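# Descriptive analysis of the structure
Listed below are the residues making up each chain.
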Amino acid sequence: MSRAKLESLGLKLPLFPTTSVGSFPKPDYLVKARAEFSKDKITEDQLRDLERKATAFWIETQEKLGVDVLVDGEMYRGDMVAYFAQRLPGFTQGGLVRSYGNRFYHKPIITGEVTWPGPITVDWWKYAQGLTKKPVKGMLTGAYTVMDWSFNEHYPDRRATALALADVIRKEVEALIAAGCKIIQIDEPALSVRPEELAIAIEAMDATTKGLRAYFITHACYGAFEHIYPGMLEMGVDNFDLEMSNSDLDLLELFRRHPFTKDISFGVVDVHSHTQEDASAVRKRVEQALTIIPKEQIWIDPDCGLKTRTVDEAIAKLRACVAAAQAFRN
Ligand SMILES: [Zn+2]
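So, a few notes on the structure that sits alongside this text. (Residues numbered from 1 in each chain as written. Predicted model: local features only at pLDDT ≥ 70, side-chain atom pairs only at ≥ 80, totals over all residues. Heavy atoms only, no water.)

Looking now at unusual backbone geometry. Generally, phi is negative for residues other than glycine and the peptide bonds are trans, each holding for most cases. Put simply, Y229 and P230 share a cis peptide bond, and its omega is 5 degrees. Relative to the assigned elements, P230 resides in the loop between β8 (215-220) and β9 (239-242). At E74, a position not held by glycine, the phi torsion is positive, near 60 degrees. Relative to the assigned elements, E74 resides in the loop between α3 (44-65) and α4 (82-85). On the accessibility criterion, E74 (9% relative accessible area) is buried. (Helix = DSSP H or I, 4+ residues; strand = E, 2+ residues; numbered from the N terminus. Buried < 20%, exposed > 50% of the residue type's maximum accessible area, 1.4 Å probe, protein only.)

The following block contains the structure:
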């Protein structure tokens, strides 16, 4: 069982551990600084200082709220795929394409063999972990999603692309583990988009995590899970972090038909809404989870990254997660 794995890694977590998916809103001064940096009005060092200040703010905030497993909040990141693509040899920046809603991003192009240039996220993880005694998650984007959100002009097909990327991301995982990181989240928001490719996503995750000593989480946003469940449970991770609230918990119906065999980070607050769910609504979601999933397997967090909320809204939603967990521990 995964709680045994956590203990074997030296992690003593309470029942219903609380965490968050990864991104937090950037404070106004950082939004402004990023815009100035893109126009060469401030230096990279000046931007870095403010990213560190914002990271420290979020670590302190999570500690004060009583969150159990912290994240650095991704103050240094824009897009979750472009961030890595910009740092990996083999990628070229492509033109602007539209993703969800009105967001535009530069879709990366793979134009050569992708290689690992050395640690990308490790210094950020060390900095964040150095600010707290609570465990801080390592945060990466999974090979399948990086492949799906990029153009490929180099590898023969999508499977070969995903597996080549998995080799590279595995090196980053190994570097995080060598630095002392014990909980690593590898996001795969593209997981359910093409059900016929589930086997590729599973193979790529296996190639990324197999045999490595860490507790692995993957986050996937709401999608066509009815087409990939229960097959997705074969993925080489310990914990699936899923957007449950925004789907009115209909995933629970799937779990009723076939037991959920991994740990789950159960999203209990909707990240797309400005309104703060009241405590009883959040508790009700956990109660429904408990009718189907054993309590030892349940973590509590928001549905998805909170970066589109205001700082105050994000804090209120995190507070609701912690309050729900505490209520169920008692
Ligand atoms: Zn998400």
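After presenting the structure, the write-up continues.
The next point concerns the pairing of strand β7 (residues 183-187). Of all five residues in β7, five are buried; the element is thus mostly enclosed. Alternating residues of β7 divide into I183, Q185 and D187 and I184 and I186, and every residue in both groups is buried. The pairing of strand β5 (residues 138-141) with β7 spans four bridges and is classified as parallel. Each bridged residue has a counterpart across the sheet, and for G138 the counterpart in β7 is I184. As paired strands, β7 and β8 are joined by three bridges and run parallel to one another. When the sheet's bridge partners are listed, I183 is paired in β8 with Y215. After leaving β7, the chain enters helix α8 (residues 198-209) and then returns to the sheet as β8, a path that is right-handed. (Pairing = 2+ DSSP bridges. Right-handed = clockwise from strand over helix to strand, strands pointing away.)

A separate point is the pattern of salt bridges. In this structure the tally under the stated criterion is 16 salt bridges. Across the pair D68 and R329 runs a salt bridge whose closest N-O atoms are separated by 2.8 Å. Placement of D68 in the loop between α3 and α4 and of R329 in helix α11 (residues 311-329) is noted, with a sequence separation of 261 residues between them. Relative accessible area serves as the criterion here: at 30%, R329 is assigned to the partly exposed category. The residue E313 makes a salt bridge to R309 at a minimum N-O spacing of 2.9 Å. With respect to class, E313 is no different from R309; both count as buried. A single salt-bridge network, built from bridges that share partners, covers D148, R158, R194 and E197. (Salt bridge = Lys/Arg side-chain N within 4 Å of Asp/Glu carboxyl O.)

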